[in-house]
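Architecture at a glance
Each chain, written out:
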Amino acid sequence: MTTIDGTHRGVRPVTLRYWAGARAAAGVTEETLVTGPLVGDALDAAVAAHPELSDVMAVCSVLVDGRAVGRDAELREGVVVEVLPPFAGG
């Protein structure tokens, strides 16, 4: 559905920030993608843009506004989605 201003309802730009192995797989530290309304939509868009992320994304934790979320969490426009693969050490 198109809104009065010409944008599509449920489609929004979000910033994805990649850490460690996710950054290596994506080849970028951060990017803005136009995605659907759910975290899973953003993750799927990232994998579509960077197929190398597929294996890493399967084991990553995802944070939105500093909180761990699942794929079914809803996104607001302008949020930062952080993709954190498991890592050793501490």
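Structural data are supplied above this passage.
Source: prediction; values computed, not measured. (Residues numbered from 1 in each chain as written. Predicted model: local features only at pLDDT ≥ 70, side-chain atom pairs only at ≥ 80, totals over all residues. Heavy atoms only, no water.)

1. A look at the environment of Thr-15
Note on placement: Thr-15 falls in strand E1 (residues 12–18). Look at Thr-15 and you get buried, because its relative accessible area is 16%. Along the sequence, Thr-15 and Glu-31 sit 16 residues apart, while their C-alpha atoms lie 5.6 Å from each other. Excluding anything up to four places from it in sequence, Thr-15 contacts Glu-30, Glu-31, Thr-32, Val-79, Val-80 and Val-81. (Helix = DSSP H or I, 4+ residues; strand = E, 2+ residues; numbered from the N terminus. Buried < 20%, exposed > 50% of the residue type's maximum accessible area, 1.4 Å probe, protein only. Contact = heavy atoms within 4.5 Å.)

2. Some words on the sheet that holds strand E3 (residues 61–64)
Pairing within the open sheet is mixed, and its five strands lie in the order E2-E1-E5-E3-E4. Only two strands of the sheet have a single partner each, and these edge strands are strand E2 (30–35) and strand E4 (67–68). Summarising the sheet, E3 and strand E5 (residues 80–84) pair through four bridges and their orientation is antiparallel. Bridged to Val-62 within E5 is Val-83. (Pairing = 2+ DSSP bridges.)

3. A word on the side chain of Glu-31
Structurally, Glu-31 is set in strand E2. Here Glu-31 occupies a buried position and makes no salt bridge, while the nearest side chain of opposite charge, Arg-17, is found at 12 Å. There is a polar contact of 2.8 Å between the side chain of Glu-31 and the side chain of His-50. (Lys, Arg positive; Asp, Glu negative; His and termini not counted. Salt bridge = Lys/Arg side-chain N within 4 Å of Asp/Glu carboxyl O. Polar contact = N/O pair within 3.5 Å; in protein donor to acceptor, adjacent residues only side chain to side chain.)

4. Examining the pairing of E3
Alternating positions in E3 separate cleanly, Val-62 and Val-64 being buried on one face and Ser-61 and Leu-63 remaining unburied on the opposite face. Alignment of E3 against E4, held across two bridges, turns out to be antiparallel. Residue pairing across strands places Val-64 opposite Arg-67, the latter belonging to E4. Two successive antiparallel strands, E3 and E4, enclose a turn made up of two residues, where Asp-65 displays a positive phi of approximately 55 degrees.

5. Details of unusual backbone geometry
Note on backbone geometry: most residues besides glycine have negative phi, and most peptide bonds are trans. Residues other than glycine seldom take positive phi values, yet Ala-20 does so here, at roughly 50 degrees. Following the sequence through the fold, Ala-20 ends up in helix H1 (residues 20–26). Judged by relative accessible area, which is 38%, Ala-20 ranks as partly exposed. In the Ramachandran plot, Asp-65 falls in the positive-phi region, its phi being about 55 degrees despite a non-glycine side chain.

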